[in-house]
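# Descriptive structure summary
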Amino acid sequence: MSRRSKACSFSSKVRARIIARDGDACVFCASGRWPLSEDDFGQCIRDIAHVVNRSQGGLGVEQNGVTACRSHHQLLDNGNKGLREELLEYAKSYLSRIYTEWDEDALTYRKGE
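Each chain carries its own residue numbering, running from 1 in the written order of its sequence. Selection of residues for local features in this predicted model requires a pLDDT of at least 70, selection of side-chain atom pairs for listing and counting requires 80 or more, and totals for whole chains, interfaces and linings are taken over all residues. Computation of side-chain values covers all heavy atoms of the structure but excludes hydrogens and water.

### A word on the pattern of salt bridges
Every case where a carboxyl oxygen of Asp or Glu lies within 4 Å of a side-chain nitrogen of Lys or Arg is listed as a salt bridge. Here the structure, examined in full by the defined rule, presents 5 salt bridges. Asp-47 is the salt-bridge partner of Arg-70, the closest N and O atoms lying 2.6 Å from each other. With Arg-70 in helix α4 (residues 70–78) and Asp-47 in strand β1 (residues 46–50), the pair connects residues that are 23 residues apart, well separated along the chain. On the accessibility criterion, Arg-70 (33% relative accessible area) is partly exposed. Residues joined by salt bridges that share partners form a network here, namely Glu-89, Lys-92 and Glu-104. Each helix corresponds to a stretch of at least 4 residues labelled H or I by DSSP, and each strand to a stretch of at least 2 residues labelled E; elements are numbered beginning at the N terminus. The buried label applies to any residue whose accessible area, calculated with a 1.4 Å probe on protein chains only, is under 20% of its type's maximum; exposed applies above 50%, and partly exposed to all values in between.

### With respect to unusual backbone geometry
Phi at Asp-24 is positive, roughly 55°, even though this residue is not glycine. Locating Asp-24 in the fold gives a position in the loop between α2 (12–21) and α3 (27–31). Note on Asp-24: relative accessible area 47%, which makes it partly exposed.

### Thoughts on the nonpolar core
One broad trend across soluble globular proteins is that nonpolar side chains are buried collectively. Put simply, buried Ala, Val, Leu, Ile, Met, Phe, Trp, Tyr and Cys residues joined by side-chain atoms within 4.5 Å make one nonpolar core. Judged by nonpolar contacts, the single largest core of 21 residues is most densely connected at Phe-28, Val-51, Val-66 and Leu-95. Top contributing element to this core by residue count: helix α5 (residues 84–98), with 6 residues. Pairs of residues are marked as contacts when any of their non-hydrogen atoms sit within 4.5 Å. Apart from the residues within four sequence positions on either side, Val-51 is in contact with Asn-64, Val-66, Leu-88, Ala-91, Lys-92, Leu-95 and Trp-102.

### Digging into the environment of Arg-84
Residue placement: Arg-84 occurs in helix α5. When the C-alpha positions of Arg-84 and Gly-65 are compared, they lie 15 Å apart, and in sequence the two are 19 residues distant.

### Focus on α4
Along an α-helix, residues three or four positions apart point the same way, because every turn accommodates 3.6 residues. Taken together, the buried positions of α4 are occupied by Ser-71, His-72, His-73, Leu-75 and Leu-76. Turning to α4, the residues buried within the fold contact α3, β1, β2 (65–69) and α5. Positive phi shows up at Gly-79, right after α4, with a value of about 60°.

Dropping the structure here:
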C-alpha cells in the first residue's frame, strides 16, 4: 500500500472513533432532513464517508469522516439525485461544530508532509 493510499484510508481505530462520536448513527438520517423510504435496505448498512474525497487526497482522519448509511453515502459520493452539495455542506457544518479548529484545507494528503 502506498503512503498516499494508507494516509487516505480510515484505520479500524479511526472508524471506531468516528462511529462512537456519531452515536453509531447516520448523521444524515439523524438530522431528519433527507428521509429515506422505509424499504431502503441501504439505511441498514453503516459506512464511514470522507468529506474531502479520498480520490482527491482526503485523509483518513476523524475530522474528515462521518458515519453514513450506505444510501446517504452513495448520495454524497455520486450526487445522482442532486443532493451532493447539500449533504457535503451539512457534513462540513457538523464537523465544524465538533472540531472548533476544523480546517478543510488541512484534510488533504500532501506528499512529503
